[in-house]
Amino acid sequence: MSKKINIAFAANENYVPHLEISLYSLLRNNKEHRFNIYVLSSDIGVRSEKKLVDICNHFDNSTIKIIKLNSDRFINLKTVAHFSRDIYSRYLLPELLPSEKRIIYFDSDILVTGDIASLYDINIRDYYVAGVRDIGISKPDFNNYLNPLGLDNASYINSGVLVMNLEKIRNDDMVKKLIDTTTQYADMLLHPDQDVINIVFKDKIRKLSGIWNFQDEDRRRKTEELRSVKVIHYTTKWKPWNTPNIKRGYNRQSHELYDAYEYDYLEEFHRAKKISIITPVFNTSKVYIDDCIDSLLSQTYKNIEIILVDDGSQKETAGYLDDLAKKDKRIVVIHKKNGGSHRARQAGFERSTGELIAFVDSDDRIMANYIQKLYISIKDHRTMMSICESWDEIDFPLMAKDSQNSRVISGRNKVFYYGVVGFPGVRLQGGVVWGKLFSRKLINAVNWDNSDYQVTVDEFMMTQILSRVNRLSVVDDQLYYYRRLVATSKEFKHPKYNRYNGKPIPIVKTAADLYERSQELIEDRNIRINEDALVVRYVWMLE
């Protein structure tokens, strides 16, 4: 039987992309119920508000109200680590919704994967809230922190999923006590709102089953239970959207599930744009071709076309590519005379139909969420290009980094300069076309004839692209594996001569030509850059 369920979220503007996925998962998995959705925030903008309204309108089983809060009320309350002051907004729900008796409160870093009606109906008449024990704080060491607060880890709950008895909290005037207690304990609090909810509501908290708040520490201990829980909560700073793949560890399954919901949301609401992956092939070993193509077909982002450009390979290789295309309709094969990977990329681009373009070498491979992470970065930051980190067999081993959200580099001069000297904190060469995702508009502007070198093949193509980029987004994760030691599909190996438009020219002249063309482009595009950086780049190329 359909029922009306009150739900509250709290989020700031930066967290709206994650709230979108949480809200989508809730409504997708509870279509038989009706919802009153409340979003508490001090700074959600009109554009973000429209996205949330569109989700509710799409499912047609909910109303949504954005409640704008005056952040001054929390200005004296402490914030720590990755928490913002919006965490305190749940305190105010009894006042903000004076006619409602109960509500489920969700943090915006959750996935709802099942029916929540029984959670809403739980008996809390004699309790202020119901919640799930916080597993992460259950270690004995935390007692030294909890005891001075009058708490113990056996009864301490996580505040990311709460059933709140608004009527009882309101009648007992507990909102003021929550705020006063937060001020009173101030510097003693590691998890400010959560600690205070446990302090103030102590002995009036009903414990819930862990299926309603399956936390990071749960996933360490009970991996097999992931598929049977109803709410997955991404506690700690290691979120699906900012955790490098190598650090996912015991969270891998839950993070991959989040990736799947994220893509379904993109497809259902934002018409996940078609992306063309262009891969030149010149007699590449089948072992490497298979590894490369498997990585492309395994992408979590599904709306892709894979264009394999046979650059005059032997019949065996050409036929093998045709066989691959017969097995998956997303693969298109182009056969052409040998002309180098640059002309192969041009042929692939001219055949492509995607709104965004990625280039992957046939002896390399990419992580399963490569396209999705780069696309999300472009979408969220509204840029024309995104880049990620790479690793290889020699200089760049796969390594774990601290968690970071994707970030933006702004300003054409700055973007161009970093393209020359290297992007700060990013293990990726600026002068290569792989490890990047481009809007079609950027590749359309490339003068292919002007870049037709068979050695240093990517250099001037990237110079042209970067001269048109005002904002570039960076994904701090190693998503592209470059096989540096593999000679296949690389036309030459340290030759005495380069080739430009089919004519042999000395390597020294290549560097001189590229330097001169870069200067002309800088002047034409009105880019200001220290010329010493260009000199160093082309001297390095000669070396």
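1. Focus: the pattern of salt bridges
Here is step 1: Summed over all chains, the structure comprises 35 salt bridges.
Here is step 2: Here E217 and R221 are joined by a salt bridge, their closest N and O atoms 3.5 Å apart. Placement of both E217 and R221 in helix 9 (residues 216-221) is noted, with a separation of 4 residues, approximately one turn of the helix.
Here is step 3: Of the residues examined, E217 reaches a relative accessible area of 11% and is grouped as buried.
Here is step 4: Using a relative accessible area of 48% as the deciding quantity, one classes R221 as partly exposed.
Here is step 5: Taking the shortest distance from any N to any O, the salt bridge between D449 and R343 comes out at 2.6 Å. Of this pair, D449 sits in the loop between helix 16 (440-444) and helix 17 (459-466) while R343 sits in helix 13 (residues 341-351); the two residues are 106 residues apart in sequence, bridging distant segments of the chain.
Here is step 6: Under the relative-accessibility criterion, D449 is labelled partly exposed at 43%.
Here is step 7: We classify R343 as buried; its relative accessible area is 18%.

2. What to know about the environment of I529
Here is step 1: Within the element layout of this structure, I529 appears in the loop between helix 18 (507-524) and helix 19 (531-542).
Here is step 2: Accessibility expressed as a relative area gives 17% for I529, which makes it buried.
Here is step 3: Put simply, I529 and G312 are 217 residues apart on the chain and 40 Å apart in space, counted from C-alpha to C-alpha.
Here is step 4: Not counting residues up to four positions away in its chain, the partners in contact with I529 are F416, Y417, V420 and I522.

3. Quick notes on the confidence of the model for the protein
Here is step 1: Confidence in the prediction of the protein, expressed as mean pLDDT, is 90, and 94% of residues score 70 or more.
Here is step 2: Note that pLDDT drops below 50 for residues 488-492; the model gives that stretch 21 contacts with residues more than four away or on any other chain.

4. Focus: the pairing of strand 7 (residues 157-165)
Here is step 1: Among the 9 residues that make up strand 7, 9 are buried, leaving the element largely enclosed by the rest of the structure.
Here is step 2: Bridge count for strand 4 (residues 102-106) against strand 7 is 5 bridges, and the pairing is antiparallel. Counterpart to Y105 in the pairing with strand 7 is L162.

5. A short note on a negative patch on the surface
Here is step 1: Where like charges cluster on the molecular surface, the negative patch consists of E516, E520, E523 and D524.
Here is step 2: Tracing the chain through its elements places D524 in helix 18.
Here is step 3: Overall, the relative accessible area of 61% leaves D524 in the exposed class.

6. A closer look at the state of the cysteines
Here is step 1: Tallied over the full model, the rule gives 0 disulfides.
Here is step 2: As a non-bridged cysteine, C292 has C388 as the owner of its nearest cysteine sulfur, 14 Å distant.

7. So, helix 7 (residues 174-185)
Here is step 1: Its 12 residues place the ends of helix 7 16 Å apart at the C-alpha level, agreeing with the 16 Å of an ideal helix rising 1.5 Å per residue.
Here is step 2: Against the buried residues of helix 7 lie helix 3 (93-96), helix 6 (166-171) and helix 8 (192-200).
Here is step 3: Following helix 7 by one or two positions, A186 adopts a phi angle in the positive range, close to 30 degrees.

8. A look at the sheet that holds strand 7
Here is step 1: Reading across the sheet, the 7 strands line up as 3-2-1-4-7-6-8 and stay open at both edges, with mixed pairing between neighbours. Lying at the two open borders of the sheet, with one neighbouring strand each, are strand 3 (62-68) and strand 8 (205-207). When strand polarity is set aside, the average angle formed by the axes of neighbouring strands in this sheet is 25 degrees.
Here is step 2: Across the face of the sheet, helix 2 (residues 46-59) comes into contact with strand 2 (34-41) and strand 3 while running at roughly 160 degrees to strand 3.
Here is step 3: Those strands touched by helix 8 are strand 7 and strand 8, and its axis lies near 55 degrees from that of strand 7.

9. Digging into the packing of helix 11 (residues 286-297) against helix 12 (residues 315-327)
Here is step 1: The N-to-C vectors of helix 11 and helix 12 enclose an angle of 25 degrees; their axes lie 12 Å apart at closest approach. It follows that helix 11 is roughly parallel to helix 12 by the angle criterion. For the pair helix 11 and helix 12, the crossing hand works out as right-handed. Between helix 11, through K286, I289, D290 and I293, and helix 12, the contact on the second element is made entirely by E316, T317, Y320, L321 and L324.
Here is step 2: Considered class by class, the residues forming the contact of helix 11 with helix 12 number 5 nonpolar, 1 polar and 3 charged.

10. Re the side chain of S159
Here is step 1: By secondary structure assignment, the location of S159 is in strand 7.
Here is step 2: Take S159: its relative accessible area is 4%, and that puts it in the buried class.
Here is step 3: Within the local environment of S159, its side chain forms a polar contact with the side chain of D193, the two groups lying 3.3 Å apart.
Here is step 4: Once you skip the residues sitting within four places of it in the chain, S159 turns out to touch R90, Y105, D107, D193, Q194 and I197.

11. Regarding the packing of aromatic side chains
Here is step 1: The tally for this structure, following the rule as stated, stands at 20 aromatic pairs.
Here is step 2: Note on Y265 and F269: the rings are 5.1 Å apart at their centroids and 35 degrees apart in plane angle, and the pair reads as tilted. One end of the pair, Y265, and the other, F269, are both in helix 10 (residues 252-269), 4 residues apart, so they sit about a helical turn from each other.
Here is step 3: Of the aromatic side chains, those joined through ring pairs into one cluster are Y15, Y234, W241 and Y258.
Here is step 4: Between R102 and the ring centre of Y120, over which it is positioned, the NZ or CZ distance is 5.9 Å.

12. A word on helix 18
Here is step 1: Spanning 18 residues, helix 18 covers 26 Å between terminal C-alpha atoms, matching the ideal 26 Å at 1.5 Å per step.
Here is step 2: Among the residues making up helix 18, those that are buried are T510, A511, D513, L514, R517, S518, L521 and I522. Considered in projection along helix 18, the buried side chains sweep an arc of 165 degrees and stay on one side of the axis. Those residues of helix 18 that are exposed and aimed more than 90 degrees away from the buried face are V508 and E523.
Here is step 3: Phi turns positive one or two residues past the end of helix 18, at N526, with a value near 55 degrees.

Cut-off values and rules
- Residues numbered from 1 in each chain as written.
- Predicted model: local features only at pLDDT ≥ 70, side-chain atom pairs only at ≥ 80, totals over all residues.
- Heavy atoms only, no water.
- Salt bridge = Lys/Arg side-chain N within 4 Å of Asp/Glu carboxyl O.
- Helix = DSSP H or I, 4+ residues; strand = E, 2+ residues; numbered from the N terminus.
- Buried < 20%, exposed > 50% of the residue type's maximum accessible area, 1.4 Å probe, protein only.
- Contact = heavy atoms within 4.5 Å.
- pLDDT = per-residue confidence, 0-100.
- Pairing = 2+ DSSP bridges.
- Patch = residues over 30% accessible without salt bridge, like charges linked within 9 Å, V, L, I, M, F, W, Y side chains within 5 Å.
- Areas by Shrake-Rupley, 256 points an atom, 1.4 Å probe, with all protein chains shown as cover.
- Lys, Arg positive; Asp, Glu negative; His and termini not counted.
- Charge placed at Lys NZ, Arg CZ, Asp CG, Glu CD.
- Disulfide = S-S within 2.5 Å.
- Expected span 1.5 Å × (residues − 1).
- Axes fitted to C-alpha atoms, helices over the stretch in contact; angles between N-to-C directions.
- Parallel < 35°, antiparallel > 145°, perpendicular 65-115°, else oblique.
- Left-handed = near helix turned anticlockwise from the far one by under 90°.
- Nonpolar A, V, L, I, M, F, W, Y, C, P; charged D, E, K, R; others polar.
- Polar contact = N/O pair within 3.5 Å; in protein donor to acceptor, adjacent residues only side chain to side chain.
- Phe/Tyr/Trp six-rings, centres within 6.5 Å; stacked < 30°, edge-to-face > 60°.
- Lys NZ or Arg CZ within 6 Å of the ring centre and 35° of its normal.
- Arc of directions from axis to C-beta.

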